[in-house]
Amino acid sequence: MSALLAADPVTGIASMLSQPFMRNALLAGTAISVLSGLVGYFVVLRGQVFAGDALSHVAYAGALAALAAGLDLRFGLFAATIGIGLLLGLLGGRGVADDVVIGTVFAWVLGLGVLFLTLYTTSSSTENGAANVTVLFGSLLGITASAAATAAWIAAALIAALLLIARPLLFASVDPGIAAARGVPVRLLGPLFLAILGATVAEASQAVGALLLFGLLAAPAAAAQRLTADPWRAFPLAAALAVLAMWAGLGLAYAAPALPASFTITGCAAAEFAAAAGYGMLRRSWQPSANRSRKVHGPPS
């Protein structure tokens, strides 16, 4: 497969798109990556990276709880992450999750995860032994057409909800004190955003798994912030970089079947951040040289 892509990329891509499982993966993956990039921008901007990491572990515990109870794992994913997201926002000051609260909830959730894993493996794992691995690492290439459509609709609804609060959320993220004085409901926006973040974590877990979803959530957004300081440029750029990482990762997984899709997707996202960080370093090192040159030779005539 990799030889075909290398020899004739157009034919190779056409062959890839002719596969139903790849079309399903691209549909769900594109929707999930747009959502992850947009939400991830605010995660990075608001300094809530630790909260996102904690919610990824909540997703694992919630999915295991649902499996142990004989329920659809998606029910556990969304119920746990949205509920804990709201809890973190309500317990934090000014609607922002506090690191002490996050750490305490994090430890408690990890303990619950161990409990539910024990219950699941001793009672139900024989019925679906791959479910535990699926929760951890995702199964985007195995998603069905109906599940892909559902994932796309859920992502679209969450994107719409985020766009509705994007402007006041940006104001509250940059300067919460002035935002509150201007009448922005800062204490309400915090828990609401963390609930959207929780739902995003649950959605992205289906693509790259609970352990690796943080790479798709944070890396493209962090790369976008290093490429531009304008928030209304960085916001869509984060989504575009997340989609690029998703498409490139799925293409690599198709070309090299030995590589898991979750690894290639998060690897591409990490490569984007590394490239953006390197570009930022070069730009900072060039600017002082340019300034010194202008001081020596004067401004251009």
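Residues numbered from 1 in each chain as written. Predicted model: local features only at pLDDT ≥ 70, side-chain atom pairs only at ≥ 80, totals over all residues. Heavy atoms only, no water.

1. A few points about the overall build of the protein
Then step 1. Along the protein, the regular secondary structure elements total 13 helices and zero strands.
Then step 2. Traced from its N-terminal end to its C-terminal end, the protein shows the element sequence α-α-α-α-α-α-α-α-α-α-α-α-α.
Then step 3. For the protein, the share of sequence-separated contacts (at least 6 apart) that also reach a separation of at least 24 residues comes to 77%. (Helix = DSSP H or I, 4+ residues; strand = E, 2+ residues; numbered from the N terminus. Contact = heavy atoms within 4.5 Å.)

2. Examining the packing of aromatic side chains
Each aromatic ring pair is characterised by the separation of its centres together with the angle its planes make.
Then step 1. Taken as a whole and assessed by the stated rule, the structure comprises six aromatic pairs.
Then step 2. On the basis of an interplanar angle of 40° and a centroid distance of 6.4 Å, the ring pair of Phe21 and Tyr254 is categorised as tilted. Taken together, the residues Phe21 in helix H3 (residues 20-45) and Tyr254 in helix H12 (residues 231-255) connect sequence positions 233 residues apart.
Then step 3. The exposure class assigned to Phe21 is partly exposed, which follows from its relative accessible area of 33%.
Then step 4. What makes Tyr254 buried here is its relative accessible area of 8%.
Then step 5. Here the aromatic rings of Tyr41 and Phe42 are separated by 5.5 Å at their centres, their planes lie at 75°, and the arrangement is edge-to-face.
Then step 6. Note on Tyr41: relative accessible area 3%, which makes it buried.
Then step 7. Among the aromatic residues, those joined into a ring-pair cluster are Tyr41, Phe42, Phe193, Trp232 and Phe235. (Phe/Tyr/Trp six-rings, centres within 6.5 Å; stacked < 30°, edge-to-face > 60°. Buried < 20%, exposed > 50% of the residue type's maximum accessible area, 1.4 Å probe, protein only.)

3. Describing helix H4 (residues 49-68)
Then step 1. In a regular helix each residue adds 1.5 Å, so 20 residues correspond to 28 Å; H4 covers 29 Å between its end C-alpha atoms and thus fits that length.
Then step 2. In terms of burial, H4 is largely enclosed, as 14 of its 20 residues are buried.
Then step 3. Positioned one or two residues after H4, Gly70 has a phi angle of 80°, which is positive. (Expected span 1.5 Å × (residues − 1).)

4. A look at the side chain of Thr228
Then step 1. Note on placement: Thr228 falls in the loop between helix H11 (213-227) and H12.
Then step 2. You can call Thr228 buried: its relative accessible area is 17%.
Then step 3. Engagement of the side chain of Thr228 in a polar contact is seen with the backbone nitrogen of Asp230, the distance being 3.2 Å.
Then step 4. When residues no more than four places from it in sequence are discounted, the contact partners of Thr228 are Arg233, Ala234 and Leu237. (Polar contact = N/O pair within 3.5 Å; in protein donor to acceptor, adjacent residues only side chain to side chain.)

5. Remarks on the environment of Leu216
Then step 1. Among the structural elements, Leu216 can be located in helix H11.
Then step 2. C-alpha separation for the pair Leu216 and Met246, spaced 30 residues apart in sequence, amounts to 8.4 Å.
Then step 3. For Leu216, the contacting residues outside a window of four places in its chain are Ile32, Ser36, Ala242, Met246, Ile265 and Thr266.

6. Quick notes on the confidence of the model for the protein
Note: predicted coordinates in regions of low pLDDT should not be interpreted at a detailed level.
Then step 1. For the protein, per-residue confidence averages 84 on the pLDDT scale, and 87% of positions sit at 70 or higher.
Then step 2. When mean pLDDT is compared element by element in the protein, H12 scores highest at 94, while helix H1 (residues 2-7) scores lowest at 53. (pLDDT = per-residue confidence, 0-100.)

7. Section: the side chain of Ser173
Then step 1. Position of Ser173 among the secondary structure elements: in helix H8 (residues 145-174).
Then step 2. Under the relative-accessibility criterion, Ser173 is labelled buried at 15%.
Then step 3. A polar contact is formed between the side chain of Ser173 and the side chain of Arg46, at a distance of 3.0 Å.
Then step 4. The residues contacting Ser173, other than those within four sequence positions of it, are Phe42, Leu45 and Arg46.

8. A few points about the packing of H3 against H8
Pairs of packed helices are described in terms of their axes, by the angle between the two and the distance that separates them.
Then step 1. Contact geometry for H3 and H8: axes closest at 9 Å, N-to-C directions at 20°. It follows that H3 is roughly parallel to H8 by the angle criterion. H3 and H8 meet at a crossing whose hand is left-handed. (Axes fitted to C-alpha atoms, helices over the stretch in contact; angles between N-to-C directions. Parallel < 35°, antiparallel > 145°, perpendicular 65-115°, else oblique. Left-handed = near helix turned anticlockwise from the far one by under 90°.)

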